[in-house]
Amino acid sequence: MILRAMPDSTKTDSFFPAELAGMRKEFEEQLDRSLSTIVSRKDNNLKVDAIQACFLRYLKSPGKRIRPLLFLATVRALDPERTIDSGAYRMACGLELFHEFILIHDDLIDRSDTRRGAPTLWRRLELEAGLPEPKAGSTALIIGDILFAGAIGLFNSSETPQKVTSEFLSIFLQAARETGWGAVGEITVSEQPFLETATGTIEAIYHAKTTRYTFEAPMILAAAVCRASDLVRAILIRMARPLGLAFQLE
């Protein structure tokens, strides 16, 4: 199966099988419930209501949800009798928030104006919250950090055994570090002509920057939740790398 980039949730729903469409619906409901906690703040005197509202509208814009759905589908594939509880859905929401964190930072690095056919977060902060461009960029950077913290918070669930949670976090943080180094590698090679960059270097960047957290990490994290064997995890990793490369090239 080749995953093609789709700009909105309608196309995504028609693309996925009925069971995944049901997972997506449950995921979106859990994400909506989680967002109120993610964007909350203890002190109402901070005078950031307009920024908070802009941030929330940005998070509710539709996406493909590949990472959380791949995680949930892998849990179901590895353990068909397992009930996918709210703890698993919270973990899936954490993966999506981490993805949003990466997108926000990528858009700042690239100075991109649009994302998913709408303004990027830093542009929204200009247009909707009235921030001047430098402050909009700085605020978006900090909001990305808030999302990262929110993702980590969602991975900790009282419904999940502590041993599973600890392994989940260890795998996730390793993937997050590699994703960061992949982005650094991309910035470094962007200073030279593309055709002078070795194919192996390009593939290594794609693997670290995209494949690792888009395909490999969701499946390996699902394997951790299901307590899958090392052999199963090795097979999943072998599947993930070519899929991630194909996705990035597409």
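Computed from a prediction, not measured in an experiment: that's the story for all the values here.

### A closer look at the overall build of the protein
Turning to step 1, where the next piece is worked out: In terms of regular secondary structure, the protein is built from 10 helices and two strands.
Turning to step 2, where the next piece is worked out: Listed by position from the N terminus, the elements making up the protein come as α-α-α-α-α-β-β-α-α-α-α-α.
Turning to step 3, where the next piece is worked out: Taking the principal axes of its C-alpha atoms as reference, the protein extends roughly 50 × 50 × 35 Å.
Turning to step 4, where the next piece is worked out: For the protein, the proportion of its 250 residues judged to be buried stands at 46%.
Turning to step 5, where the next piece is worked out: In the protein, the share of contacts with a sequence separation of at least 24, taken over all contacts with a separation of at least 6, comes to 68%.

### Let's talk about unusual backbone geometry
Turning to step 1, where the next piece is worked out: A positive phi angle, close to 55°, is found at arginine 111, a residue other than glycine.
Turning to step 2, where the next piece is worked out: Checked against the element boundaries, arginine 111 lands in the loop between helix H5 (86–110) and strand E1 (114–115).
Turning to step 3, where the next piece is worked out: Positive phi outside glycine occurs at arginine 227, with the angle close to 60°.
Turning to step 4, where the next piece is worked out: Residue classification places arginine 227 among the partly exposed positions, given a relative accessible area of 42%.

### Things to note about the environment of glutamate 19
Turning to step 1, where the next piece is worked out: Within the fold, glutamate 19 resides in helix H2 (residues 18–38).
Turning to step 2, where the next piece is worked out: Taking the relative accessible area as the measure of exposure, glutamate 19 reaches 45% and is therefore partly exposed.

### What to know about the packing of helix H4 (residues 66–78) against H5
Two quantities define a packed helix pair, namely the angle between the helix axes and the distance between the axes.
Turning to step 1, where the next piece is worked out: At a closest axis distance of 8 Å, the pairing of H4 and H5 adopts a crossing angle of 150°. Taken together, the axes of H4 and H5 lie roughly antiparallel to each other. Between H4 and H5 lies a crossing whose hand is right-handed. Here Arg67, Pro68, Phe71 and Leu72 of H4 lie close against H5, whose contacting residues are Ala88, Tyr89, Met91, Ala92, Leu95, Glu96 and His99.
Turning to step 2, where the next piece is worked out: Here the contact of H4 with H5 is composed, by residue class, of eight nonpolar, one polar and two charged.

### Observations regarding the state of the cysteines
Throughout this description, disulfide means a covalent bond between two cysteine sulfur atoms.
Turning to step 1, where the next piece is worked out: Counted according to the given criterion, the structure contains zero disulfides.
Turning to step 2, where the next piece is worked out: The thiol of cysteine 93 is not disulfide-bonded; the next cysteine sulfur, from cysteine 226, is found 17 Å away.

### Observations concerning a nonpolar patch on the surface
Turning to step 1, where the next piece is worked out: A surface patch of nonpolar side chains, amounting to about 370 Å² of accessible area, comprises Leu231, Ile235, Met239 and Leu243.
Turning to step 2, where the next piece is worked out: Here leucine 243 shows up in helix H10 (residues 230–249).

### Re the pattern of salt bridges
Turning to step 1, where the next piece is worked out: Within this structure, the stated rule accounts for 19 salt bridges.
Turning to step 2, where the next piece is worked out: As a salt-bridge pair, glutamate 26 and arginine 33 come within 3.7 Å of each other at their nearest N and O atoms.
Turning to step 3, where the next piece is worked out: Residue glutamate 26 is classed as partly exposed on the basis of its relative accessible area of 30%.
Turning to step 4, where the next piece is worked out: In this structure, the salt-bridge partner of arginine 123 is glutamate 133, at a minimum N-O distance of 3.8 Å. Residue arginine 123 is located in helix H6 (residues 121–127), and its partner glutamate 133 is located in helix H7 (residues 133–155); the two are separated by 10 residues in the primary sequence.
Turning to step 5, where the next piece is worked out: Accessibility expressed as a relative area gives 22% for arginine 123, which makes it partly exposed.
Turning to step 6, where the next piece is worked out: Of the residues examined, glutamate 133 reaches a relative accessible area of 34% and is grouped as partly exposed.
Turning to step 7, where the next piece is worked out: Each member of the salt-bridge network shares a partner with another, and the members are Arg111, Asp113, Arg123, Glu126 and Glu133.

Reading guide: rules and limits
Residues numbered from 1 in each chain as written. Predicted model: local features only at pLDDT ≥ 70, side-chain atom pairs only at ≥ 80, totals over all residues. Heavy atoms only, no water. Helix = DSSP H or I, 4+ residues; strand = E, 2+ residues; numbered from the N terminus. Buried < 20%, exposed > 50% of the residue type's maximum accessible area, 1.4 Å probe, protein only. Contact = heavy atoms within 4.5 Å. Axes fitted to C-alpha atoms, helices over the stretch in contact; angles between N-to-C directions. Parallel < 35°, antiparallel > 145°, perpendicular 65-115°, else oblique. Left-handed = near helix turned anticlockwise from the far one by under 90°. Nonpolar A, V, L, I, M, F, W, Y, C, P; charged D, E, K, R; others polar. Disulfide = S-S within 2.5 Å. Patch = residues over 30% accessible without salt bridge, like charges linked within 9 Å, V, L, I, M, F, W, Y side chains within 5 Å. Areas by Shrake-Rupley, 256 points an atom, 1.4 Å probe, with all protein chains shown as cover. Salt bridge = Lys/Arg side-chain N within 4 Å of Asp/Glu carboxyl O.

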